[in-house]
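# A closer look at the structure
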Amino acid sequence: MKLDRTIRRKRKKGIKVLGTVIIFIVIAIVFVTYVFPIFWMGVTSLKTKVQIFDPVPKIFFKPTMNNYKTFIGTAEGGEVGAGRAGAATSFIAAMGRSILMTTSVTLLSLLLGTMAAYVLSRYRMPGKDDLMFVILSTRMLPPIVVLVPISLLFTNIGLKDTYIGFLLLYTMFNMAFSVWIMKSFFDDVPFSFEEAAMCDGYTRLRAFLKVVLPMVKPGLAATAIFCGILVWNEFLFAIVIGTRKWVFMPPTIFTMSYGAEGIIWGVLAASSLIYIVPVLVFVYLVRKNLLRGITFGVIRG
Amino acid sequence: MVVLAVMVLGTFSIGFAKGGKDKDEGPITLRLLYFQWAPGNALAKTAAGYEAFTGGKVKAETELPGFNEWYAKWLSSIQAQEYVWDIIVIDSQWLGMAVDADSAVDLTSLIGNKPFVKQIPPTMKPYYMGDPTDSGKIWSVPLEADAELMIYRQDLFEDPANMKAFKAKYGYDLPSPPDTWYNVRDIAEFFYDPENEFYGYINKYGVPYDVITWDFNQVLWSFGGAFWDRETKTAEGYINSPIAVEAMEFYKSLSEFAPPGWQNAAFEETVQSMSQGLVAMAVEWSSFAPSITDPEHSKVHDKVGFAVPPRGPKAHYVSLGGQPMTISAYSPYQQEAADFIEWFYESEQIWTFAENHGHPAYMDVLSSQRFWDILPQNKALYEALPYVRDIWNIPVYNELLQASQELLNSAVTGSKPIKEALDELAAKSQSILDGFYK
Amino acid sequence: MGETTKRKKTRRGITDKQLKYLFLMPCIVLLVFLILYPLIWSAYLSFTDYRAVQGRFRLFPGLVKEKPGVKQIKPNAVGFKNYKDVLRDEYIWKHYRTTGKFVIFSVLVQSIIGLGLALLFNREFKGKGIITTLILAPMMLSPVVVGMFWRYMLEPNWGVIDYALNTFFGLPRIEWLAHEKTALFGIIIADTWMWSPFMFLFCLAGVSAIPKYLYEAAEVNKASGWFMFSHITFPLMWPLMMIAMIFRTMDAFKLFDIGWGMTQGGPGFSSQTVSMLLYRDAFLSSKTGVSCAFAYILLILIVALSNIYIKYLLKARAR
């Protein structure tokens, strides 16, 4: 009898171990599939053009750091670097601008979106669903349609190629996402929490700030990430509205990646990899916030 | 909370401090726009000397975005009628759009009677300095002259074993370079060896930008056909004429000897196929070719030859590309820009441009040995001069281009029967032309 | 002392109504300010034959002082001609079919992958943080770069993917982007690679928020894995997943950068989605009037479809 139970337990454990191993194999396969192209970009960034277009792609070769150097602007000689309009496209300047703009827009989008989402979540209003839908519809239009009118509008108001112009424009792009995501998270926090707080003497505003907001941190993190990524990689309006002064990184990457023979793929790969590092770092830092749910053990109906 | 507030305020205040637009102070800065490639860099290097010449009063800054961005930036500035640059270098076909939008300055009085204009090769003049409004005005000045060239593996062509085998198979000597388009087909067939990953001929058959239209045109013209008639603004009966069908059938037959993926081939694929030693022949713009002879970028850098593209049964034409300069109508510095252009065309500057791998449309340069020694393809460019031809620098150029790219590609890939595709193209082009001119 | 302070705060605190407006207004104002003008501009022009390269069109002439040298134009009104032309164009529906194929395929595949990955990752293991972050890397790249780079990888002559398939699996070199049937598929692959992490992230956020005691309770009652999934996991993560799907669908409709970088709609126009066609018409061809009509038709279509789509999803949620 005792032996039976031990065998059964061992078998159960065996199955469990096997199950875990399979799961880890799957995770590994998934990981490799997703990361391979990025790995390949890394490999490409270390190659010269002859090697990049070789019909037999090699993994083992003599690597060169030239592409990275070109991008950062420390490469010696060569034609890449000549004729760039002043300091506007230098690596550090463009990176600084991109970081500044992304941070600003993310903060503003979070601010406006969270405020609006809170109101839309908590208050009864006539036509609330319609309003939500209208907000959503601002994201449905392909950007190319609004390119010319926005360009004209900005020129007339004097917002062309300015910090405020880009700030308002990119925040507007992010509004729909910000509002919808945050509202969904707010909807999951029962009103009883604010009620309790207000009974304790908190004002509505304070209850919002001190009680509700901390509970929707995953929403804030998710919204921040995606609003940030959108601005970080935005290209079309960056090249059209940012004519001289506000030259961001995505157009700069392309400017740097062209040479006498067309696109220097090595530089393109190198610069793209460098450019995602800040985002990766940011996501890694907030990942705990992202995944921790509402931990109050709330029963959802 | 406090930390967050500080961060927010800090960010915004940095932003506002860096603030708004540039204020122009000090010397007048002429802004030039071109794109990033060898001739672009050549322009930038040459223009950089202008500040010294004017004693610091005027300087010239060149903006060199990537190729696609150049197009997008210019187009959006035209569509919004904005002042961003003073001198804009445009692709030759865009002239119609620039003039139609009144965004290019009429240069007839500013430049028209300057001595350097005489230096511009007569066959190029109608295209680089032509008038889309057909009223004899001048709107642009050539900067970069470009034509399609035949690039071929001279080492293979002149290898005695190959020559012998070719003569045995086809009955005539292997012409090095190829003499007619029919030669090209025979040679492509001869060298086609997919098992060893070597192919005969690559061309830009793809849909991106303007590639297949320009590459097909020289075949079309050399067969005696035409895309349209400029006088009567008619496409119907031209692009779908029996000659055009014949030309397309021939063009399509060449694709049998192309490397895989040819249906999508654009600049990159063509240049790389040659540089990696995958094809025996390629037809490509001379300005895109420098890397093929660069040991850092090419496996066959010392094995290729450049020549004028071959002639057809009825005529000999070569597609003309290149980029002229225009002066922006919104610029407050039009006279300064004209002065700059005049300075640029002085012998010293033109040679600086040429030595940095630019190709000026300047007879004294193009015809000199010194120019031919700079790059191997320069001599071929000069030899192509009598045969160059361009099309469509009219305002509706882009609409015509979208139609022709799609339909020519459909015809050559076989997704539509040739006659049907060409008929459709003729009908579409005709309706576009009618819509604009009638 | 404390009591007085509290009362003071409550009196000076913002009232509910003020809060409502204070919070909602900035968002609404921003949207109105930046969306309204383009909408009116495009609406007006959709009834004209205006081409933006012809000259400057002023919606409210006289409002802004005109710079010298800028050509003013009063566009010709053509009534509903643009709309009729767009709807009657023989190729429009092919483009919509291509777009529809793309949207359905990619959103479906990405959702399934995202869901699967989320379930897979909903456990602790070493390096989870780093691995998860790296899997999110694809969507952090610029879409233009992703398109171009995938084009390079899928190239039959020197692309690594065909090389690997050839060397390790003995398959012939597939010309992904050169054939009509497979060009769109190539774009779907690149788009899925880039955006399934998006679905993965939202599903994971939803899944990891489910309190553990629910599972424990179910286990105690000897519930099967499937029961737990369909009655606990799925319903509780559905709200977030649904929103992610909505946004993914809208973005898939607008797909441009990846597709353009890979094929520019080729070969022919077999892989051209509606937004690529819009780009050609609105921007490259400068057919501003016609493309405004096209854009409005597209907008109405998307609005109608998403209305149905969202109502359906919300009903599924209520269930």
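Each value, and the rule that gives it
Each chain has its residues counted from 1, following the order in which its sequence is written. Here chains are named by letter from A upward and ligands by number from 1 upward, in the order in which they appear as written. Only residues with pLDDT of at least 70 get local features here, since the model is predicted, and only at 80 or more are side-chain atom pairs given and counted; chain-wide, interface and lining totals rely on the full set of residues. Counting from the N terminus, the helices are DSSP H or I runs at least four residues long and the strands are E runs at least two residues long. Here contacts are defined at the residue level, using C-beta atoms placed from the backbone and a cut-off of 7 Å between them. Under the grouping applied here, Gly and all other residues not named as nonpolar or charged are polar, the nonpolar ones being Ala, Val, Leu, Ile, Met, Phe, Trp, Tyr, Cys and Pro and the charged ones Asp, Glu, Lys and Arg. When DSSP finds two or more bridges between two strands, those strands count as paired. Simply put, an axis is a line fit to the C-alpha atoms, just over the touching stretch for a helix, and the angle between two N-to-C directions goes from 0 to 180 degrees. For the domains described, the bounds stem from an automatic or database domain assignment. Any residue whose C-beta has 12 or fewer other C-beta atoms within 10 Å is treated as exposed, any with 20 or more as buried, and any in between as partly exposed, C-beta atoms being built from the backbone.

With an omega dihedral of 5°, the bond running from B:Ser176 to B:Pro177 counts as a cis peptide bond. Assignment of secondary structure puts B:Pro177 in the loop between α8 (160-170) and α9 (181-191). At B:Trp392, a position not held by glycine, the phi torsion is positive, near 60°. Note on placement: B:Trp392 falls in the loop between β11 (388-389) and α18 (397-413). You will see that C:Ser286, though not glycine, has its phi angle at about 55°, which is positive. Position of C:Ser286 relative to the elements: it lies in the loop between α12 (274-284) and α13 (288-318).

The next thing to look at is the interface of chain A and chain C. Between chain A and chain C, the residue contacts involve 73 residues of the former and 73 residues of the latter. Of the residues in the side of chain A that touches chain C, the class split is 56 nonpolar, 12 polar and five charged.

What follows covers the sheet that holds strand β3 (residues 87-89) of chain B. All names here are of chain B. Across the sheet, which stays open at both edges, the five strands sit in the order β2-β1-β3-β10-β4 with mixed pairing between neighbours. The open sheet is flanked by β2 (58-63) and β4 (141-144), the only strands paired with a single partner. This sheet shows a mean twist of 25° between the axes of neighbouring strands, independent of strand direction. Examined bridge by bridge, strand β1 (residues 28-33) and β3 share two bridges and lie parallel to one another. Each residue of the ladder has a partner; that of Leu 32, found in β3, is Ile 87.

Residues and elements named next belong to chain B. By the assigned domains, chain B splits into domain 1 (28-146 + 321-389) and domain 2 (148-319 + 396-437). Here the C-alpha centre of domain 2 lies 28 Å away from the C-alpha centre of domain 1. Taken together, the 22 residues of domain 1 in the interface contact 18 residues of domain 2. For the side of domain 1 that touches domain 2, the elements supplying multiple residues, two or more each, are α2 (38-47), α5 (95-100), α17 (378-384) and β11. For the side of domain 1 that touches domain 2, the element with the highest residue contribution is α17, accounting for four residues. Along the lines of polarity and charge, the residues of the side of domain 1 that touches domain 2 split into 12 nonpolar, six polar and four charged.

This paragraph deals with helix α8 (residues 192-199) of chain A. Burial analysis of α8(A) places just zero of its eight residues in the buried class, a small minority of the element. Looking at the residues trailing α8(A), positive phi occurs at A:Gly201, about 105°.

A separate point is the interface of chain C and chain B. Counting residues at the interface gives 32 residues for chain C and 30 residues for chain B. With three residues, the single largest contributor to the side of chain C that touches chain B is α12(C). Looking at side-chain class alone, the side of chain C that touches chain B contains 11 nonpolar, 12 polar and nine charged residues.

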